[in-house]
Amino acid sequence: MIRFDAVTKQYPDGTVAVDDLSLTAPTGRITVLVGPSGCGKTTSLRMVNRMIEPTRGSIALDGRDTGRMDQAELRRGIGYVIQHAGLFPHRTVLDNIGTVPRLLGWSRRRTRERSRELLERVGLDPHLGDRYPAQLSGGQQQRVGVARALAADPPVMLMDEPFSAVDPIVREQLQDEFLRLQGELGKTIVFVTHDIDEAIKLGDQVAVLRVGGRLAQVAEPAYLLAHPADDFVADFVGRDRGYRALQFQETPRLALRAERTVVLGEQPGTAESGWLLVVDDDRRPLGWVEPARIGARAVEDSDLHRGGTVARQSGTLRGALDAALSSPSRRGVVVDESGSLVGTVLAHEVLSAIEENDRPEREEGDPVRGGAVTIAGDGA
């Protein structure tokens, strides 16, 4: 557990970066610090490992005042991940990952074994271990940065906007991988971001800071969206916070339609009109196509419209609604856990399910509460 007790950081010129911050980051959970530029997020984070010293107040790590701890000892017990990964350019990936274990006196063999194990754990091919950072993509470098922070198995991790320097697709992949790892490892994590969507997705609790480093509100993401403490918090989490809150509601029973499909590389048939869903041999959706535009020839990869998102059968109401709204056909694609097509749903049907889900008079056992999916239609 990390506890901030009336912590203030004031610089010699009088600037107050953090003002009287009292906050607890629970053991084994992810606490996200979020807020506008100048709100003291990174300063608060860096005071935990004493890269910045607080002016007043105290920070305790599992009951120990960090101000009374040896700095080197403190930092060796804390994993630290920053934007752009911060890897040593002249050292190989394996040597980067093994930095802290070597400082702790681990043998070279033990360090290499641990580094290779972590490469796989963060989703990288072990053959990348002998490469240098410049030979990796941005997303791969960030994964190496996470692996390095985990190398000595620290109980605490500090993460300062670690995924903000990569493109949106890679960023989502890194977030998912991070949540998977946390599910396995259960670290105590303080995570800094300026992105409220990232904060809501990753945080067990979210702390919103105001400019000047004052705590505006700390709460679980669903509560924060539903009950912002004041206008500042409401404005920061966004006017679409009701839509964001749907990601915390599991998808109820939806009547899905069987969707017409064509396999990539096959001919859709000239009689087909409107949008047609293109799938692979395992019925995984690839995109949409308009048969009238391509005539009688086979569907090619370049014909696909890939604008729509895909919702999971076991996912959230936000995922289902977004799939329907983003699809060029306005039919949201729903898949099972293996990624294979289950059916499609219309936006107004998701909205009806949301309304049913929110009715206070519904009883246990009401059909809208179930996780099963009913397919309506004659089959694809």
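To be clear, the structure that these remarks concern was listed above.
The structure displayed is predicted, hence computed values, not measured ones.

Caption draft 1: Representation of the environment of glycine 38 in the model. Within the secondary structure layout, glycine 38 lies in the loop between strand E3 (30–34) and helix H1 (41–48). Ignoring anything within four residues of it in the chain, the contact list for glycine 38 reads Val211, Gly212 and Gly213.

Caption draft 2: Highlighting the packing of helix H6 (residues 138–150) against helix H7 (residues 168–185). For the pair H6 and H7, the least separation of the axes is 10 Å and the interaxial angle reads 20°. Between H6 and H7, the interaxial angle falls into the category roughly parallel. Seen from above, H6 lies across H7 with right-handed handedness. Residues Gly139, Gln142, Arg143, Val146 and Leu150 of H6 pack against Val170, Gln173, Leu174, Glu177, Leu181 and Leu185 of H7. Residues belonging to the contact of H6 with H7 are distributed by class as follows: 6 nonpolar, 3 polar and 2 charged.

Caption draft 3: Up close: the pattern of salt bridges. Scanning all chains against the criterion turns up 27 salt bridges. Here arginine 214 makes a salt bridge to aspartate 19, at a shortest N to O gap of 3.0 Å. Here arginine 214, found in strand E10 (residues 214–219), pairs with aspartate 19, found in strand E2 (residues 16–25); they are 195 residues apart in sequence, far enough to count as distant. For glutamate 73, the salt bridge is made with arginine 64, and the minimal N-O distance between the two is 3.8 Å. Judged by its relative accessible area of 40%, glutamate 73 falls in the partly exposed class. Among the ionic contacts, a cluster of salt bridges with common partners joins Arg121, Arg143, Glu177, Arg180 and Glu184.

Caption draft 4: The arrangement of the layout of surface pockets in detail. A volume near 1,600 Å³ is recorded for the largest pocket. Lining the largest pocket we find 43 residues, and of these Glu172, Asp176, Lys201, Val310 and Gly319 sit closest to its centre. Secondary structure elements with two or more residues in the lining of the largest pocket: H7, helix H8 (196–202), helix H9 (221–226), strand E14 (285–289), strand E15 (310–312), helix H13 (317–326) and strand E16 (331–335). Broken down by element, the lining of the largest pocket gets its largest block of residues, 8 residues, from H7. A class-by-class count of the residues in the lining of the largest pocket yields 16 nonpolar, 15 polar and 12 charged. Considering only enclosed or pocket space, the second largest pocket measures out at about 520 Å³ in volume. Forming the boundary of the second largest pocket are 20 residues, of which Arg75, Ile78, Gly79, Tyr80 and Val100 lie nearest the centre.

Reading guide: rules and limits
- Residues numbered from 1 in each chain as written.
- Predicted model: local features only at pLDDT ≥ 70, side-chain atom pairs only at ≥ 80, totals over all residues.
- Heavy atoms only, no water.
- Helix = DSSP H or I, 4+ residues; strand = E, 2+ residues; numbered from the N terminus.
- Contact = heavy atoms within 4.5 Å.
- Axes fitted to C-alpha atoms, helices over the stretch in contact; angles between N-to-C directions.
- Parallel < 35°, antiparallel > 145°, perpendicular 65-115°, else oblique.
- Left-handed = near helix turned anticlockwise from the far one by under 90°.
- Nonpolar A, V, L, I, M, F, W, Y, C, P; charged D, E, K, R; others polar.
- Salt bridge = Lys/Arg side-chain N within 4 Å of Asp/Glu carboxyl O.
- Buried < 20%, exposed > 50% of the residue type's maximum accessible area, 1.4 Å probe, protein only.
- 1 Å grid on protein atoms, 1.4 Å probe; cavity = no way out; pocket = protein on both sides within 12 Å on 5 of 7 lines; lining within 4 Å.
- Points joined across faces, edges and corners; volume = space filled by probe spheres on them.

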